[in-house]
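For reference, the chains in residue letters:
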Protein chains: 2
Amino acid sequence: MLEQPGTMKNIAILGSTGSIGRNSLEVLKQYPEKFRVLSLAAYSNARLLLRQIEEFHPAVAVLIDENAAGRIRSSVPAGTTLLAGQDALVDAVSHDDVDVVISAFVGFAGLQPTITAIKSGKDIALANKEILVVAGEIVTQLAREHDVRLMPVDSEHSAILQCLTGEARKAVRRLILTASGGPFVGKSREELAHVTIKDALNHPNWSMGNKITIDSATLMNKGLEIIEAHWLFDIPPADIDVVVHPQSIIHSMVEFVDGSVKAQLGVPDMKLPILYALTWPERFTSSFPRLDFSMPRDLTFREPDLETFRCLSLAREALEQGGTVPAALNAANEIAVEAFLSGTITFLDIPELIGECMQQHQNHQQPGIEDIFAADEESRQVAQQLIERNRRVTMTV
Amino acid sequence: MLEQPGTMKNIAILGSTGSIGRNSLEVLKQYPEKFRVLSLAAYSNARLLLRQIEEFHPAVAVLIDENAAGRIRSSVPAGTTLLAGQDALVDAVSHDDVDVVISAFVGFAGLQPTITAIKSGKDIALANKEILVVAGEIVTQLAREHDVRLMPVDSEHSAILQCLTGEARKAVRRLILTASGGPFVGKSREELAHVTIKDALNHPNWSMGNKITIDSATLMNKGLEIIEAHWLFDIPPADIDVVVHPQSIIHSMVEFVDGSVKAQLGVPDMKLPILYALTWPERFTSSFPRLDFSMPRDLTFREPDLETFRCLSLAREALEQGGTVPAALNAANEIAVEAFLSGTITFLDIPELIGECMQQHQNHQQPGIEDIFAADEESRQVAQQLIERNRRVTMTV
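All values reported here derive from a predicted model rather than from experimental measurement.

Residue-level account of the sheet that holds strand 4 (residues 81–84) of chain A, with values.
Residues and elements named next belong to chain A. Pairing is parallel across the open sheet formed by 7 strands, whose spatial order is 4-3-2-1-5-6-7. Only two strands of the sheet have a single partner each, and these edge strands are strand 4 and strand 7 (150–152). If you compare each strand with its neighbour and ignore which way they point, the axes differ by 20° on average. Judged from the 4 bridges that link them, strand 2 (residues 35–42) and strand 3 (residues 60–63) form a sheet pairing that is parallel. Among the inter-strand pairings, alanine 41 is bridged to a residue of strand 3, identified as valine 62. In the packing of helix 5 (residues 111–119) onto the sheet, the strands contacted are strand 1 (9–14), strand 5 (100–103), strand 6 (123–126) and strand 7, and the crossing angle to strand 6 comes to about 150°.

Spelled out as structure tokens, the structure:
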């Protein structure tokens, strides 16, 4: 078949200096006739952003941190407009020529620019799961209104999308998200009491950013993915199961009403789901590493330990309660992970803290976007206060 | 969605008293508003056929063995016409009201009635892989001409069809057929020298007929499946790989050009692929046993041992040579399996005998159906002669 002319896609990347952003650029680089990098946005990593500008010549580049922008302003080559500050993200995503926005900022901060992108009618390759966690109903509704595609970049959701291809919605019985279980799979609560930051950051299969690596270790990541899957695929929470699969080869599965199960497999590498999000429903030939069955291979499965890894149940609870509870859960989790990474709380404090924030949260059903922001803000404050109080108690004792 | 009226399908079963036939009736029984049994055909198992007639009230029933038919003629209830003899199969498959023919006779004998069914414009649920092995080009060409669907019932090919659903042909990189490896997986040639018939019939996962169970033990079954997959999915032989997966949970896989792999999983039970062949592209809700991930589960993979299990290479060679060679291979295999089951030759004689028949065969490229029948007949004679000579030599020694 002849290629259609004009199939070049212009891409904006929110979070180009992070793990997903860097992987995305690796992918785009391999298809210079299919993708053009139109805009890049990062928080503060000016040095890396400058190198990316030099390599990819985007029309627009944004640094949220204005001081960081000042440091490279004089070095930015002609042809790229460097902008600074949160508001400049609007220019990065709503530029007339942008076709797809890869939304890869970490955490809640990705919400506002992604909403702007959707309102500008841009398709979204969604790497930031927190957006659907905190505002799934609002964001999916907006996407429908603006006829925008929300394509998952998470490997699990990409796997599910691939398994659902060509299948009717009514044929789906349940989704089965696989979880590597992180570095602590099989460990007891006692063993987890004294794990270090370094232990928690040592993920067996995936090389990712710090936030998501800790979320993997607590299984909160899988909890957030249940919420994300619910919104992306319109499947009731009770029909989304989790199974621990430490090798991260099967990225997720779908069971159908007849009892058949389909799975998507691949080496643990984000480049494949990134590419699929950009090419769906097509597939492009890639030179990514392939699964090799010529060596003996062993894939194992077991049920998650919900007693030890409480975050999974907390996320499910938040989804069931709905309203602003998922936003409160997510905010508390972001603060808890930060506090763990800075050595302020222990690994087992993370679910304690989140559970306490959820209890204190006043749920707001059918929230508007401003309610989501308020819930996020409030839950962060509660979490900070709890950490502060806890520290004082510890110091007193 | 409202069900369309007139979606009842009338089914003919060739081989209703065999393993696939009995499983098919189990499936049909569960959907009395979707499927009606219109005709049943069997070789000679009159007692079981009579019970099936009494339960399913087909319009037509056929026994190929005329003596067997005579034994039940007086017991057949009004409403069912009992016919006898090979020629009566035409009535079973080309009856005006038949929509789908489940082709489940064992071996080469299924070819002629299946061709008749295709020429009558009936969709085929194909459980008999030998049909495509011996006459793949002719049968797929006929199916295209008569606008007939060839739906695989083999669990491997059903898995591949499910993985291909919604995907473009050009997106496919390769098919990966999984093989349980049968009861002798991991064994050396020395260990196989003295295996008994009972050992070979003791398949670890699947309960099937004797012919296919021995084919599983020699890996000829997987060789025949490579040929079948080539014709069903129009994939070059070099792009069809085999991996040994002793648990028979992943029924087969497809690798795509981007490096992604899709797999279909299920408990080893033929009812699911039978149902899928009848409902595709839809899926019906079933009460078949489900895969359960709540217990620890271990799926292993390794390369097949082509030195020990020579039949796999022989089948590949036959496919590459094309013409009438696959028919010669299949005929020799049918004779060899019979001879093994009757205790006339040993397990390791099976590939020897087939290899010798292939060597003696004069290939006929672009064969007509009569050339296929001639090659089949000739190869059976050669195989019989070789067995006879071998026996005389053994007796002399």
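Tell me about the side chain of glutamate 255 of chain A, residues and numbers included.
Along the chain, glutamate 255 of chain A turns up in strand 10 (residues 250–256). For glutamate 255 of chain A, a relative accessible area of 4% puts it in the buried group. Of the polar contacts made by the side chain of glutamate 255 of chain A, one reaches the side chain of arginine 290 of chain B; its length is 2.7 Å. Non-local contacts of glutamate 255 of chain A, meaning those with residues more than four positions away in its chain, are made with Val172, Arg173, Arg174, Ile176, Ser260 and Val261 of chain A together with Arg290 and Leu291 of chain B.

Describe in detail the packing of helix 5 of chain A against helix 6 (residues 130–145) of chain A, supporting the description with residues and values.
All names here are of chain A. The N-to-C vectors of helix 5 and helix 6 enclose an angle of 10°; their axes lie 11 Å apart at closest approach. Relative to helix 6, helix 5 is oriented roughly parallel. Counting all contacts with helix 5, which are made through Leu111, Thr114, Ile115, Ile118 and Lys119, the residues of helix 6 involved are Ile131, Val134, Ala135, Val139, Leu142 and Ala143. Classifying every residue of the contact of helix 5 with helix 6 by side-chain character gives 9 nonpolar, 1 polar and 1 charged.

So, the domain arrangement of chain A: which residues are in play, and what are the values?
Put simply, an interface is often sized by how much accessible area is lost when its parts join up. Residues and elements named next belong to chain A. Segmenting chain A into domains produces domain 1 (9–152) and domain 2 (157–396). Of note, the centres of domain 1 and domain 2, computed from C-alpha atoms alone, are 23 Å apart. On the domain 2 side, the residues contacting the 37 residues of domain 1 number 43 residues. Between domain 1 and domain 2 the total buried area reaches about 3,200 Å² when both faces are included, carbon and sulfur atoms providing 72% of it. When residues of domain 1 are sorted by the area they lose upon contact with domain 2, Phe108, Lys129 and Pro152 head the list and together hold 22% of the total. Across the pair lysine 129 and glutamate 225 runs a salt bridge, and its minimum N-O distance is 3.0 Å. Remark: the boundary between domain 1 and domain 2 carries 7 residue pairs in polar contact (both at pLDDT 80 or more). Counting residues per element, the ones that place at least two in the side of domain 1 that touches domain 2 are strand 1, helix 1 (19–29), strand 5, helix 5, strand 6, helix 6 and strand 7. In terms of residue count, helix 6 provides more of the side of domain 1 that touches domain 2 than any other element does, 9 residues in total. Across the side of domain 1 that touches domain 2, the residue classes tally to 22 nonpolar, 8 polar and 7 charged.

Describe in detail the interface of chain B and chain A, supporting the description with residues and values.
Counting from both sides, the interface comprises 46 residues of chain B and, opposite them, 46 residues of chain A. Between chain B and chain A, roughly 3,800 Å² of surface is buried when both sides are summed, and carbon and sulfur atoms account for 52% of that area. When the area that chain B buries against chain A is broken down by residue, the three leading residues are Asp258, Arg283 and Phe293 of chain B, summing to 20%. Applying the counting rule to chain B against chain A returns 7 salt bridges.

I'd like to hear about the pairing of strand 10 of chain A, residue by residue, with values.
Residues and elements named next belong to chain A. For strand 10, a buried count of 7 out of 7 residues is recorded, marking the element as mostly surrounded by other parts of the structure. Bridge analysis of strand 10 against strand 11 (residues 261–265) gives 5 bridges, and the strand direction is antiparallel. Counterpart to serine 252 in the pairing with strand 11 is glutamine 264. As consecutive antiparallel partners, strand 10 and strand 11 are separated by 4 residues, and within that stretch glycine 259 has a phi angle of approximately 105°, a positive value.

Hey, could you go over the pattern of salt bridges for me, with residue numbers and the actual values?
Tallying each qualifying case throughout the model produces 39 salt bridges over all chains. Lysine 211 of chain A serves as the salt-bridge partner of glutamate 130 of chain A, at 3.0 Å between the closest nitrogen and oxygen. Within this pair, whereas glutamate 130 of chain A is found in helix 6, its partner lysine 211 of chain A is found in helix 10 (residues 210–218), the two being separated by 81 residues in sequence. Among the residues examined, glutamate 130 of chain A registers a relative accessible area of 7% and is labelled buried. For lysine 211 of chain A, a relative accessible area of 14% gives the class buried. Measuring nitrogen to oxygen at the nearest pair gives 2.6 Å for the salt bridge that ties aspartate 241 of chain B to arginine 174 of chain B. Here the residue aspartate 241 of chain B occupies a position in strand 9 (residues 240–244), and arginine 174 of chain B occupies one in strand 8 (residues 172–179), the gap between them amounting to 67 residues. Given the relative accessible area of 14%, arginine 174 of chain B is considered buried.

How would you sum up the relation of the copies chain B and chain A? Please name residues and give values.
For the match of chain B to chain A, the screw axis carries a shift of 0.0 Å, the RMSD comes to 0.0 Å, and the turn is 180°. Those values place the two copies in the arrangement expected of a two-fold rotation axis. In terms of C-alpha distance to the rotation axis, chain B has glycine 166 of chain B as its closest residue, with the C-alpha 1.9 Å off the axis. Both copies share a contact surface, since 100% of the interface residues of chain B are interface residues in chain A too.

About the criteria used
- Residues numbered from 1 in each chain as written.
- Chains lettered and ligands numbered in written order.
- Predicted model: local features only at pLDDT ≥ 70, side-chain atom pairs only at ≥ 80, totals over all residues.
- Heavy atoms only, no water.
- Pairing = 2+ DSSP bridges.
- Helix = DSSP H or I, 4+ residues; strand = E, 2+ residues; numbered from the N terminus.
- Axes fitted to C-alpha atoms, helices over the stretch in contact; angles between N-to-C directions.
- Contact = heavy atoms within 4.5 Å.
- Buried < 20%, exposed > 50% of the residue type's maximum accessible area, 1.4 Å probe, protein only.
- Polar contact = N/O pair within 3.5 Å; in protein donor to acceptor, adjacent residues only side chain to side chain.
- Parallel < 35°, antiparallel > 145°, perpendicular 65-115°, else oblique.
- Nonpolar A, V, L, I, M, F, W, Y, C, P; charged D, E, K, R; others polar.
- Domains from an automatic or database assignment.
- Buried area = accessible area lost by both parts, 1.4 Å probe.
- Salt bridge = Lys/Arg side-chain N within 4 Å of Asp/Glu carboxyl O.
- Least-squares fit on C-alpha atoms with pLDDT ≥ 70 in both.

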